[in-house]
Amino acid sequence: MQDVTVVRTSVQPPYAAHLRVYEPLAAYPEPERAHWQAYAAEHGPDATEAGQPVAEAVLEEQREALAELASRTPRALPERESGRAFLRVLDGVLYVCPWATRLRSWQALEGMREAAPVALLETALPAAVREAAEAARERWKAEHPDARPWILTSRWEVPVRWFLPFGDEDRCFLPPEPPEGPGGVDGQGGVDGRVRAAALYYLVPMSQARRRVARAYRALREWVPEGELVRGAERTGRWLEEFHPRSLVELDYGGLVHLLGPERLSADRSAGELEEGLRALRAGDPAEALRVYGELTVRWRGVLALRHAN
């Protein structure tokens, strides 16, 4: 495994996890393919090997978003779609996950409208701004009827359904490390205590992800047809079907690593636990499956509750 580049920035990612799909370059039609090919040629050294986290690229995305907000009058969404992407390389094949910042901003606006108190919503984004954003979205949807996000984001938790495509063997945990060099290898680690943050992510081929979700859905539909997890499995499966069958699927704990801390991350085996519960369900032991699912859900609800902590 190659060393991970140390990130130095005052920007810390939000407490959010991400479910991403990386499609092979060949899956993109022209002129998108030409764009991503040129983008990869320029940013090729930044492409992330399969055994490394994309933390540096995530911070770059965050910096770009903050710069957009700071440099202009606040608005609901970017003026144009981002032409940038996360890049991964596996077995010599380049995989591309477009940021699709504008599309995701529309989705975030919709979530904010549903969840935020009216007073806060009106202060942050007045009705006229929201209406303009919605009108722009409708025009864009008419021109891009098949558009879908390559990235799903969840704040303050990892939804339990997101673990369905993965097994414990797909888990990659990287503990925090000091920079290299004297006093922290680059000569600065011992001065200000900067370290490479911990990372926790899962990465699997699309075929494996779909197979796991389909098996889980069949078992859940048989035993708990009205349960929350079976509905989540259906939504996750439908989303995965939107992409090229040779894509990669990644679950990244993202900024949650700063919330959970390295000890809790090291001990976290959420995907493996969910897998155990599903095995119990398929073996005809719904009581054991319910116990596992209950413990997993309670633990993540405890993390979600931290958003209200002062």
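Cut-offs applied
- Residues numbered from 1 in each chain as written.
- Predicted model: local features only at pLDDT ≥ 70, side-chain atom pairs only at ≥ 80, totals over all residues.
- Heavy atoms only, no water.
- Helix = DSSP H or I, 4+ residues; strand = E, 2+ residues; numbered from the N terminus.
- Buried < 20%, exposed > 50% of the residue type's maximum accessible area, 1.4 Å probe, protein only.
- Contact = heavy atoms within 4.5 Å.
- Areas by Shrake-Rupley, 256 points an atom, 1.4 Å probe, with all protein chains shown as cover.
- Pairing = 2+ DSSP bridges.
- pLDDT = per-residue confidence, 0-100.
- Salt bridge = Lys/Arg side-chain N within 4 Å of Asp/Glu carboxyl O.

### Focus on the overall build of the protein chain
Piece 1. Of regular secondary structure, the protein chain possesses 11 helices and eight strands.
Piece 2. In the protein chain, which comprises 310 residues, the share counted as buried stands at 45%.
Piece 3. When contacts within the protein chain are restricted to residue pairs at least 6 apart in sequence, those whose partners lie at least 24 apart make up 80%.
Piece 4. Carbon and sulfur atoms make up 53% of the accessible area of the protein chain, which totals about 16500 Å².

### Some words on the pairing of strand 1 (residues 16-24)
Piece 1. In terms of burial, strand 1 is largely enclosed, as nine of its nine residues are buried.
Piece 2. Here strand 1 shows no split at all, with Ala-16, His-18, Arg-20, Tyr-22 and Pro-24 on one side and Ala-17, Leu-19, Val-21 and Glu-23 on the other all buried.
Piece 3. In terms of strand pairing, strand 1 meets strand 5 (residues 151-155) through five bridges, oriented antiparallel. Pairing of His-18 across the sheet is with Thr-153, part of strand 5.
Piece 4. In the sheet, strand 1 pairs with strand 8 (residues 248-252) via five bridges, with the strands oriented antiparallel. Its bridge partner lying in strand 8, Arg-20 is registered against Glu-250.
Piece 5. Across two bridges, strand 1 lies against strand 4 (residues 93-98) in antiparallel orientation.

### A short note on the environment of Arg-161
Piece 1. Counting through the fold element by element, Arg-161 comes out in the loop between strand 5 and strand 6 (171-174).
Piece 2. Expressed as a C-alpha distance, the spacing of Arg-161 and Val-213, which sit 52 residues apart in the sequence, is 9.1 Å.
Piece 3. Residues in contact with Arg-161, not counting those within four places in the same chain, are Leu-229, Gly-232, Arg-235 and Thr-236.

### Some points on the confidence of the model for the protein chain
Piece 1. Across the protein chain, pLDDT averages 80, with 64% of residues at or above 70.
Piece 2. Counted against residues more than four places away or in other chains, residues 1-10, with its pLDDT under 50, gives 20 contacts.

### Topic: the side chain of Ser-270
Piece 1. With respect to the helices and strands, the residue Ser-270 is situated in helix 10 (residues 270-282).
Piece 2. The residues contacting Ser-270, other than those within four sequence positions of it, are Phe-163, Tyr-202, Tyr-253, Leu-296, Arg-299 and Trp-300.

### Thoughts on the pattern of salt bridges
Piece 1. Tallied over the entire structure, the rule returns 12 salt bridges.
Piece 2. The partner of Arg-212 in a salt bridge is Asp-170, with the nearest N and O atoms 2.7 Å apart. One end of the pair, Arg-212, is in helix 7 (residues 206-223); the other, Asp-170, is in the loop between strand 5 and strand 6, with 42 residues separating them in the sequence.
Piece 3. Judged by its relative accessible area of 13%, Asp-170 is buried.
Piece 4. Glu-234 is the partner of Arg-238 in a salt bridge, and the nearest nitrogen-oxygen pair spans 3.1 Å. Of this pair, Arg-238 and Glu-234 both sit in helix 8 (residues 228-240), four residues apart, roughly one helical turn.
Piece 5. On the basis of relative accessible area, Arg-238 is assigned to the exposed category, the value being 56%.
Piece 6. Judged by relative accessible area, which is 32%, Glu-234 ranks as partly exposed.
Piece 7. Connected through salt bridges with shared partners, the residues Arg-20, Arg-88, Glu-250 and Asp-252 form a single ionic network.

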